[in-house]
Number of protein chains: 2
Amino acid sequence: MSWQNNLRSVSPYIAGEQPELTDMIKLNTNENPYPPTSVAKLFIERFKTKTLRLYPSTDAKSLRKKLAEYHHLEVEQVFIGNGSDEVLSLSFLTFFNSQSPLLMPDITYSFYPIYCELYRIPFQKVPVDDDFKVSIKDYYIENGGIVIANPNAPTALALNLKDIEEILKKNQNSIVLIDEAYIDFGGETCLPLLKKYDNLVVVQTFSKSRSLAGIRLGVAYGSAEAISHLYDVKNSFNSYPIDSLAQIIGEASLMDEHYFQKNIQKIIKTREVFKESLVNLGFEVTDSKANFVFVHHPKVRAEELFKALYEAKIIVRHWNQPRIDDWLRITIGTNKEMNKVIEFLKGYLKKNEEIDEWKK
Amino acid sequence: MSWQNNLRSVSPYIAGEQPELTDMIKLNTNENPYPPTSVAKLFIERFKTKTLRLYPSTDAKSLRKKLAEYHHLEVEQVFIGNGSDEVLSLSFLTFFNSQSPLLMPDITYSFYPIYCELYRIPFQKVPVDDDFKVSIKDYYIENGGIVIANPNAPTALALNLKDIEEILKKNQNSIVLIDEAYIDFGGETCLPLLKKYDNLVVVQTFSKSRSLAGIRLGVAYGSAEAISHLYDVKNSFNSYPIDSLAQIIGEASLMDEHYFQKNIQKIIKTREVFKESLVNLGFEVTDSKANFVFVHHPKVRAEELFKALYEAKIIVRHWNQPRIDDWLRITIGTNKEMNKVIEFLKGYLKKNEEIDEWKK
């Protein structure tokens, strides 16, 4: 016997690298290339540091109220957590407490099975089709819950509202958790379905479309009943997960709708131009509704391309994982950054072709 | 069957009230009455808001390094979390994964049994003696871990280093978690014992002595092995629990040792004067080594006094709980605040005495 016998054994999630080199083009963690609204800067400047001696509001009360107004929901339908990873984690712990397996796509956010391992939640991976599409009828089987990222990551593909509703209809005895981390980049939010389904929980984040990955704000929306259970678990975990500064910066973000929309449109436009350039270079690119693209080239191994990009100081994401090991996920950065990526790829593919020619 | 069947049922912790009335004397959550160091203000002013688009360091790398230097430990012995409540929560999940019960005093931080319920950890409450003292020999029994707050809350009593070492010696097959949230106000930290015991985990916080309850920084210190397991669980829960601003504000706090020490000494001095005044009014007061006192008056029911104080806009803490329901916990505020409390108590006790006289 030793204290090591009492340890919880887990295989943690490995987040995308945060390199310290400043001359890197960082397209590996789906961060927004543009800064947050200037209102955030103003709020930080005006912040009274002396108030930091006090605990923050346990439920980020003021921000919670503003989010409810923003989405035309009741305050009781809104839960705020320390980034959407915490919101997801606490949601898994709260809602998926069943002997039946939690269903999730086999290709999806790789944190989901890790939460399951941590909390010992049985789960079953449901294969997406050969085009990485989620086929809704596969979710009409016995389960203890369902989690689907929409748009999905890393595939970037979105389900439409009708499909989500079908899944909800067929699973009224389970919580259906829709992870909308990337919804603002072209997907269709299922928040309107909250009016009809009390088993729906929708998770969103301030990290991507609101350029606020640095302050850790994630949100869950659901029925007042579901959200109250989520708060009970949160209040059994940590009374004050959101610090005072994060709460006011979140509010600042909600006050500048014009900037928010402009920022999103800029990224969508860059994505579409970048996609076209990739297709012209022979890449296969999924129909992205997110701030990243998922790409594959028939003539180049993804892992090799990943390494070549890394050497050229362009960091993207690659998974050594069945079905997607020949694909790369590339975050949409600024136009300038994406042009540099295209320039690099042009050169790389040309060189590759010359080598192929020479080998013949 | 319904989705409600799959819920995790818990009874959450109820944090001390954060009233919105500004004319309250708030002595209910052990906050520091003085602001954090002015270096924090400077760092916030200089903060580059545009960097918030990026994720923070997953392990608050720079702050972690500085904390290690501050305490003469290795970086690998330091864990940083979102307030000490999160650190405790993740520690319970990581270290107390046993069929044998976790031992804790029966009078202690009321969050401990709530973590146990959340994670289904068996636990056993070990009674403190009639003077609320932890008697170390009670911890020489089979267990899956031990958690002791030192100084304890709400009793404010501290164990000495020798006692802690005895507990460690007798329990080398369990993690012994010492919660030092209030250690800087007169207790003796057991950090030096880390050199000898790899089963020791010490938890501290920036919320109390560093006046930074608003930014949520808690720390665990332990053997590199124990801390690496804690990080594995943290990385299975949330990749980025500490936001960018909290990380730099934490660093600011460590840079102003002079202010930190001065602040603590001021609070200790106020506490001693306040204690003396209370004793003069007939109160029983424990030997506090914390930034609060635990008090009882032989002639007044604590609950009545709590209500009378509340009506006078002075908020303290009372628990309707066996053994301590006739006691109050009062945070040490400024001299001015504590003088007001004493003035109120004088008047209240006098009136009470008059009523008693009249009843005879």
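This is a predicted model, so every value here is computed, not measured.

On to the environment of B:Lys50, then. Structurally, B:Lys50 is set in the loop between helix H1 (38-46) and helix H2 (61-71). Given the relative accessible area of 55%, B:Lys50 is considered exposed. Linking B:Lys50 and B:Asn97, residues 47 residues apart in sequence, is a C-alpha distance of 42 Å. Contact partners of B:Lys50, with chain neighbours within four places excluded, come to A:Pro35 and A:Pro36.

Once that is clear, we can look at the layout of surface pockets. In this structure, the largest pocket occupies an estimated 1,400 Å³ of space. Lining the largest pocket are 43 residues, and of these A:Gln18, A:Pro19, B:Leu54, B:Tyr55 and B:Ser57 lie nearest its centre. At the level of secondary structure, the elements contributing two or more residues to the lining of the largest pocket comprise H1, H2 and helix H7 (244-254) of chain B. Examining the composition of the lining of the largest pocket, we find that four residues originate from one element, H7(B), more than from any other. For the lining of the largest pocket, the class distribution of residues is 17 nonpolar, 14 polar and twelve charged. If you trace the second largest pocket, you find 37 residues lining it, with A:Leu54, A:Tyr55, A:Ser57, B:Gln18 and B:Pro19 closest to the centre.

Before going further, it helps to spend a moment on the pairing of strand E5 (residues 145-149) of chain A. Residue and element names in this part refer to chain A. In terms of burial, E5 is a largely internal element, five of the five residues being buried. Across the two faces of E5 the burial is the same, with Gly145, Val147 and Ala149 and Ile146 and Ile148 all buried. Here strand E3 (residues 102-105) runs beside E5; their pairing, made up of two bridges, is parallel. From the neighbouring strand, Leu102 faces E5, where its bridge partner is Gly145. The pairing of E5 with strand E6 (residues 176-179) spans four bridges and is classified as parallel. Bridge pairing links Val147 to Leu177 in E6. As for the winding sense of the linkage, the β-α-β connection from E5 through helix H5 (residues 161-170) to E6 is right-handed.

With that settled, the discussion passes to unusual backbone geometry. Peptide bonds are trans in most cases, and residues, glycine excluded, mostly fall at negative phi. In the segment running from A:Asn150 into A:Pro151, the intervening peptide bond is cis, with an omega of -5°. Tracing the backbone shows A:Pro151 in the loop between E5 and H5. With a phi close to 55°, B:Ser211 is a non-glycine residue in the positive phi region.

The rules behind these values
Residues numbered from 1 in each chain as written. Chains lettered and ligands numbered in written order. Predicted model: local features only at pLDDT ≥ 70, side-chain atom pairs only at ≥ 80, totals over all residues. Heavy atoms only, no water. Helix = DSSP H or I, 4+ residues; strand = E, 2+ residues; numbered from the N terminus. Buried < 20%, exposed > 50% of the residue type's maximum accessible area, 1.4 Å probe, protein only. Contact = heavy atoms within 4.5 Å. 1 Å grid on protein atoms, 1.4 Å probe; cavity = no way out; pocket = protein on both sides within 12 Å on 5 of 7 lines; lining within 4 Å. Points joined across faces, edges and corners; volume = space filled by probe spheres on them. Nonpolar A, V, L, I, M, F, W, Y, C, P; charged D, E, K, R; others polar. Pairing = 2+ DSSP bridges. Right-handed = clockwise from strand over helix to strand, strands pointing away.

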